[in-house]
Amino acid sequence: MSNDILREIVETCLDMDTRAIEIYRNLSQSTSNEELKKFWDHMSEEESQHVVCWKDLLGLVDEGIIPQIFSNPENTLDELKENFNKINELSVQSVQETELTENFVLAFRLEFYLLHPALERLWHFYGIIRKEEYNPEQEYENHIHEFIVAMRTFGAVTDALEALGETVEKMWFHARSMALDANVDELTGLLNRRGFFNTMTSLASLAKRNMFDSAILMIDIDHFKRINDTFGHQAGDEVLRNVARSIKSQIRASDIAGRFGGEEFILFLPQIEKESIYPLAEKIRTAIQEETSNDIPVTVSIGGSSARVKGEVKDELHELIKRADTYLYEAKRKGRNQVIC
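This is a predicted model, so every value here is computed, not measured.

A. Region of the structure containing the overall build of the protein chain. A tally of helices and strands in the protein chain yields 12 helices and five strands. When the backbone C-alpha atoms are referred to their principal axes, the protein chain occupies close to 75 × 45 × 35 Å. Within the protein chain, the proportion of its 341 residues that are buried is 52%. Counting every atom, the protein chain has about 16,100 Å² of accessible surface; 47% of that belongs to carbon and sulfur.

Dropping the structure here:
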């Protein structure tokens, strides 16, 4: 049932951007200004790229790779359908002959309805999973900016339209912020627990399909309470940020890192040879120690486990984490600042 609603959410997003392509094509056909025609065609092409991403995302949903990432999917779907109905009304208006300023108002209204936080949330998640060179989330800020430049270029600027453009820009940043808040740890910039588990589950499903070995690394800062007590909580926060930076600098683009809680971090390596796990963990441990040596000295203990996922993805991931956690505590019990896999 949950997957059915998620599929309907993605289908509605796909329908919205498909309709946006039509609207921009209609605006292109309504003008005799060749430069303006190129601009509307460019906007249509950008929406076409979004449609390609939605279709890919829909395929991932059908394969069971995308989990339900919305806490209230029924409400999300209702809101998206309402926006789609409003976009349909804009589609009817876009074939009518109107003035330049009215065309830009129509286009801004379209972008307004496309700025529902659900689209940004899905784009953000899609970017993590696919890690493609083209990612709608990264492109959209420029997409909105192009509108404002075009208004000035083609002489459609009015105080009201300028204010509308600023509003849409602010909405974009707000939507992006909401998506990040739902998935990213504010202090370290790594995925938070929820974002990590959603992403890990999806990547593990892909690894299972491709028969890849996967691994979990659990990383814990040694004597973190002592750091807080000695240097203060602000210094402790800076240590967490530095450790997160060191971890990110040592892993591949295909790996994901999250803040598991407090001073503990977790890594999921969706495709790695078993013999490479210990060297990577040791490389991370060494990097953290070396990169903090001139400030507050920091060491970490690391536990790791690996397996080829063959059965129920969530159950096997839970077992991998449990084993990695066991090895982590063994590393701490044996004196800390070491790796056990």
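B. Here's a closer look at the pattern of salt bridges. This structure, assessed with the given rule, holds 18 salt bridges. Here D56 makes a salt bridge to R130, at a shortest N to O gap of 2.9 Å. Highlighted residues: D56 in helix 2 (residues 34–62) and R130 in helix 5 (residues 117–130), separated in sequence by 74 residues. You can call D56 partly exposed: its relative accessible area is 23%. Relative accessible area serves as the criterion here: at 26%, R130 is assigned to the partly exposed category. With a closest N to O distance of 3.0 Å, K334 and E330 form a salt bridge. The class for K334 is exposed, based on a relative accessible area of 54%. Overlapping salt bridges bring together R7, E11 and D62 as one network.

C. Layout of the sheet that holds strand 1 (residues 213–221). A sheet is described by the order of its strands in space; here five strands give the open sequence 2-3-1-4-5, paired in mixed fashion. The two strands at the open ends of the sheet, each matched to only one other strand, are strand 2 (256–261) and strand 5 (339–340). When strand 1 meets strand 4 (residues 300–308), the two strands line up antiparallel, connected through nine bridges. Residue pairing across strands places M218 opposite G303, the latter belonging to strand 4. Strands in contact with helix 11 (residues 277–291) are strand 1, strand 3 (264–269), strand 4 and strand 5; relative to strand 4, the strand with the most contacts, it is inclined by about 160°. Across the sheet, helix 12 (residues 313–333) is in contact with strand 1, strand 2, strand 3, strand 4 and strand 5; its angle to strand 4 comes to roughly 150°.

D. Focus on the pairing of strand 3. The element strand 3 is largely enclosed, with a buried count of six among its six residues. Pairing geometry for strand 2 and strand 3, over five bridges, is antiparallel. Its bridge partner lying in strand 3, I256 is registered against F268.

E. The state of the cysteines, seen in detail. Under the definition given, this model contains zero disulfides. In this structure C13 is not part of a disulfide, and its nearest cysteine sulfur, from C53, lies 12 Å away. According to the relative accessible area criterion, C13 is buried, its value standing at 0%.

Thresholds applied
Residues numbered from 1 in each chain as written. Predicted model: local features only at pLDDT ≥ 70, side-chain atom pairs only at ≥ 80, totals over all residues. Heavy atoms only, no water. Helix = DSSP H or I, 4+ residues; strand = E, 2+ residues; numbered from the N terminus. Buried < 20%, exposed > 50% of the residue type's maximum accessible area, 1.4 Å probe, protein only. Areas by Shrake-Rupley, 256 points an atom, 1.4 Å probe, with all protein chains shown as cover. Salt bridge = Lys/Arg side-chain N within 4 Å of Asp/Glu carboxyl O. Pairing = 2+ DSSP bridges. Contact = heavy atoms within 4.5 Å. Axes fitted to C-alpha atoms, helices over the stretch in contact; angles between N-to-C directions. Disulfide = S-S within 2.5 Å.

By themselves, these observations are geometric and do not establish any function.
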